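# Observations on the model geometry
Given next are the chains, with one letter for each unit.
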Amino acid sequence: MAGNLVRLSQLPLGKAGKIKQITAEGSVRRRMLDLGMIINTSVEALHKSPSGDPTAYYIRGAVIALRAELASEILVEQYS
């Protein structure tokens, strides 16, 4: 696995990455999987709300908003 893993919450706006690991457990993990946060899926950070949290992400043809607390549970390999 490449050394450029970052938490989804740290992915810069306009950048994309590939989901490599989900550290959440239980119902939170299930919810993330239901939203399409599946290993090796591409995700792009689009916009931050005016207050800075949540952030909108483009994944599998949809835009979803995640708070930093949840996004930090997802590790992505940032594209170069």
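About the thresholds
- Each residue is numbered by its place in its chain's sequence as written, counting from 1.
- Restriction of local features to residues with pLDDT of at least 70 applies here, the model being predicted, together with a cutoff of 80 or more for giving and counting side-chain atom pairs; totals for whole chains, interfaces and linings are based on all residues.
- Side-chain metrics rest on all non-hydrogen atoms present in the structure, leaving aside hydrogens and water.
- Helix numbers and strand numbers start at the N terminus; a helix is a DSSP run of H or I with at least 4 residues, a strand a run of E with at least 2.
- Note that the radius of gyration is over C-alpha atoms, with the globule rule given as 2.2 Å times the number of residues to the power 0.38.
- Buried means the residue's accessible area, taken with a 1.4 Å probe over protein chains only, is under 20% of the maximum for its type, while exposed means over 50%, and partly exposed covers the values in between.
- Note that accessible areas follow from Shrake-Rupley with a 1.4 Å probe, and for residues the cover is restricted to the protein chains shown.
- Residues counted as positive are Lys and Arg, residues counted as negative are Asp and Glu, and His and the chain ends are not counted.
- By convention, charge coordinates are those of NZ in Lys, CZ in Arg, CG in Asp, or CD in Glu.
- Two strands are counted as paired when DSSP detects at least two bridges linking them.
- Orientation is described by lines fitted to C-alpha atoms, with helices fitted over the stretch in contact, and by angles between N-to-C directions that extend from 0 to 180 degrees.
- Here the nonpolar core consists of buried residues drawn from Ala, Val, Leu, Ile, Met, Phe, Trp, Tyr and Cys, with membership extended through side-chain atoms lying within 4.5 Å.
- We call two residues in contact whenever any of their non-hydrogen atoms come within 4.5 Å of each other.

### Side note on the overall build of the chain
The number of helices and strands found in the chain is two helices and six strands. From first element to last, N terminus to C terminus, the chain shows the α and β order β-β-α-β-β-β-α-β. For a compact globule of 80 residues, the expected C-alpha radius of gyration is about 12 Å, and the chain comes in at 11 Å, within 12% of that figure. Expressed as lengths along the three principal axes of its C-alpha atoms, the size of the chain is roughly 35 × 30 × 20 Å. When the 80 residues of the chain are sorted by exposure, 29% land in the buried category. A total accessible area of about 4,800 Å² is found for the chain, and carbon and sulfur atoms account for 50% of it. Within the chain, the 7 negative side-chain charges are centred at a point lying 5 Å from the centre of the 10 positive side-chain charges.

### Notes on the sheet that holds strand E1 (residues 5-7)
Pairing is antiparallel in the open sheet, where six strands are placed in the order E1-E6-E2-E3-E4-E5. In this open sheet, the two strands that pair with only one neighbour each are E1 and strand E5 (62-66). Each strand of the sheet is rotated relative to its neighbour by a mean of 45°, with strand direction disregarded. As paired strands, strand E2 (residues 16-22) and strand E6 (residues 74-78) are joined by five bridges and run antiparallel to one another. Bridge pairing links Gln-21 to Leu-75 in E6.

### Points about the nonpolar core
In this structure, Leu-8, Ile-19, Met-37, Tyr-57, Leu-66, Ile-74 and Val-76 are the most contacted members of the largest nonpolar core, which totals 17 residues. Broken down by secondary-structure element, the contributors of at least two residues to this core are E2, strand E3 (42-48), strand E4 (55-59), E5 and E6. Residues within four places of Ile-74 in sequence aside, it is in contact with Val-6, Arg-7, Leu-8, Ile-19, Gln-21, Ile-22, Met-32, Met-37 and Leu-66.

### With respect to the pairing of E5
Examined bridge by bridge, E4 and E5 share five bridges and lie antiparallel to one another. Within E5, the position partnered with Ile-59 by the bridge is Ala-62. As consecutive antiparallel partners, E4 and E5 are separated by two residues, and within that stretch Arg-60 has a phi angle of approximately 50°, a positive value.

### Focus: the pairing of E6
As paired elements, E1 and E6 share three bridges and run antiparallel to each other. Its bridge partner lying in E6, Leu-5 is registered against Glu-77.

### Details of the environment of Tyr-79
Take Tyr-79: it is sitting in the segment after E6. When the C-alpha atoms of Tyr-79 and Ile-22 are compared, they prove to be 18 Å apart, with 57 residues separating the residues in sequence. Not counting the four nearest positions on each side in its chain, Tyr-79 is found in contact with Ala-16, Gly-17, Lys-18 and Ser-42.

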